Amino acid sequence: LVDGELKTWTGETSQVYSTISSTEPYKPTLLGTIPTLGEKEALDALNSAVTAYDKGQGLWPTMKVVDRIACMEKFVTQMKTKRDEVVKLLMWEIGKNLPDSEKEFDRTVDYVYDTIEDYKQMDRDSAKFEKHAGVNAHIRRGPLGVVLCLGPYNYPLNETFALLIPALIMGNSIIFKPAKFGVLLLSPLLEAFQNSFPKGAVNIIYGRGRTVASPIMKDGRVDVLALIGNSKSANALQNVHPKSNRLRMVLGLEAKNPAIVLKDADLDLAINECIAGTTSFNGQRCTALKVLYVHEAIVDEFNKRFSEKVDALKFGNPWEDGAKLTPLPEPDKPAYIQGLIDDATAKGAKIINKKGGETTDNYIFPAVLYPVTKDMRVYEEEQFGPVIPVISFSDIEEPLDDMAASNYGQQVSLFGKDIKTLAPLIDVLVNLVCRVNLNSSCQRGPDVYPFTGRKDSAVATLSVHDALRSFSIRTFVASKDN
Ligand code: G3H
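Residues numbered from 1 in each chain as written. Predicted model: local features only at pLDDT ≥ 70, side-chain atom pairs only at ≥ 80, totals over all residues. Heavy atoms only, no water.

A. Representation of the pattern of salt bridges in the model. As enumerated under the stated definition, the model contains 18 salt bridges in all. Put simply, Asp-219 and Arg-221 hold a salt bridge, and the shortest N to O gap is 2.7 Å. By relative accessible area, Asp-219 is classed as partly exposed at 31%. The partner of Lys-290 in a salt bridge is Glu-382, and the shortest N-O contact between them spans 2.9 Å. With Lys-290 in strand E11 (residues 289-295) and Glu-382 in the loop between helix H12 (377-380) and strand E16 (387-393), this residue pair connects regions lying 92 residues apart in the sequence. The class for Lys-290 is buried, based on a relative accessible area of 1%. By relative accessible area, Glu-382 is classed as buried at 16%. Overlapping salt bridges bring together Asp-268, Glu-301 and Arg-305 as one network. (Salt bridge = Lys/Arg side-chain N within 4 Å of Asp/Glu carboxyl O. Buried < 20%, exposed > 50% of the residue type's maximum accessible area, 1.4 Å probe, protein only. Helix = DSSP H or I, 4+ residues; strand = E, 2+ residues; numbered from the N terminus.)

B. Spotlight on the site of the ligand. Every residue lining the ligand is accounted for by Arg-107, Asn-154, Tyr-155, Glu-159, Arg-285, Cys-286, Thr-287, Gln-443, Arg-444 and Phe-451. Between Arg-107 and the ligand, the recorded distance is 2.8 Å, taken from a side-chain N or O atom to an oxygen atom. Here an oxygen atom of the ligand sits 2.6 Å away from a polar atom, N or O, in the main chain of Cys-286. Within the complex, the protein chains bury 96% of what would otherwise be the 310 Å² of accessible surface of the ligand. (Near = heavy atom within 4 Å. Polar contact = N/O pair within 3.5 Å; in protein donor to acceptor, adjacent residues only side chain to side chain. Areas by Shrake-Rupley, 256 points an atom, 1.4 Å probe, with all protein chains shown as cover.)

C. Representation of a negative patch on the surface in the model. On the surface, Glu-296, Asp-395, Glu-397, Glu-398 and Asp-401 cluster together into a negatively charged patch. Structurally, Glu-397 is set in helix H13 (residues 397-405). (Patch = residues over 30% accessible without salt bridge, like charges linked within 9 Å, V, L, I, M, F, W, Y side chains within 5 Å. Lys, Arg positive; Asp, Glu negative; His and termini not counted. Charge placed at Lys NZ, Arg CZ, Asp CG, Glu CD.)

Shown next as C-alpha cells:
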C-alpha cells in the first residue's frame, strides 16, 4: 500500500511457510508468496509518506481532530469484519494457539477504540489557552512527522498496531514493514487502510530489513524510528540515519524478566504463574519469565512440581483444544535452544523435566535447567523460546545484585506473603525495573498501563495513554496582548 494504491508486484517474491500442517504440527507447509520489494519501491513509500506529511497532501496532519477520529472509526469497523481471516493467519503463520490468536485480535480492536477515546480526552485536556506574563498561548499536541514502524513476529497484529495506531491518529505519516513471520496477516486489512485514510498517511511495504528499511533510514527524512524487536536491528537502523542525533525513537526491546520466589511464597500459586510466565506462546514474549530465582529452602519442592507441570503441557496444532505448546515459526530456533541446553549441561546444569529437550523437526519441548550459573549462556542471553533456567538463592541480595548488573530492566515477578519483607523489597525492585508483579507472572497488559523498561529494554513508553505522547510533541501559537 503506497501513496494510497494497492500495488501489484512482478519482481522477486519470497515464499512464506507456515510452521504447521493439519496433520503434523511440526511440518512446514507453503502458505503463499509475498513480494520482496527493493530500494526503489521502499523510497517510493518514503516519498509518499513525506509528501503526505510535509505538503499536507490528503490533509492528514492538518485534519481536524473530529475528522481524524472518523477515519480511525471507519477503519476499526472494517477491521472487525476480518476477524476470522486474521485469526486463522495468526495460527498458521506464527503458530499461536486459537485462544491467544482470538485474544490478540480482540485486544487490538480494543486498543484502537481505547486510543480513540484517549485521543479525544488528550485533545480536550491539551488544546487550551494559557496566559503568562502578557503572552497568550494556544497549546495543543501535534505530530512529529514521518514514522518508520517495524513490528515483531510474536505479536504481528497487536504490537504492530501498538505503534502504528497511536502514531497515525496523532497525524504522523507512517511507513510500516511487517516482521519476517506474520507477513500475510495484514493482507486482509490493506483495503481497510486504503479506504479509511487519506493517501500517503499509511504505507505498508514488504521486504528484508536491509533492502527496505535501511535505504529508508539512509535517506534521512524519517523523523521517528518505532520498533518492537531486537536492539541489533534498532541500532543498525539508527546508525545509518545521516542525522541520527535528531531522530526520535520509540523502542520496545529485549528483556530477561526474573521471578523471585521467596521461602514463604504460596507454592501452588507461584508454580502456576511461573508456568504461564515461562511457557505461554513457547516463551516467545519479551515479557516472558526468562530466569527463575527460587529460595534454597523450597527449591527442591518447587523444581519437582514445576517440572511435572511443564511435562503435562499439551503440544499440538494451534487450533487443537488445549494446545498450550505449539510449533515454532523460526526454523533455526530449536537449534539455538539446543545450543543453550548443551552449553548449560556441559557446565553442570541438568535437564530436570522428563520431556525437556525432546525434538521433532522444528519443535523442541521446554527444558527446565537446574542449577544454572552465571557462566552459562542461558543465564546471559534472552532465550525467547522454550528453555527455563532455575537458580537457587539463600540471600535476597543475590537476585537483586544480578538484576542491578543486568543490561535489561523491564519487569520482575515477586512471590511471597509477608508484607514486612515484601514492602521494602518492592521499593528496591521498582528502581531496577518498570513493573513489579506481585504474586503474578510478568505481562504487558492491560494495555492502558505503561509498557516500558530501563537500560537496554526500551526507549519511550508504549500503552494506550503513553504512546499518544511518545508520538507527538506539544506545540503552540503565541501572541502578545496589544
Ligand atoms: O513480546 C512482548 C510482548 O509485549 C508481550 O506481551 O505480555 O501481552 O504477552 P504480553
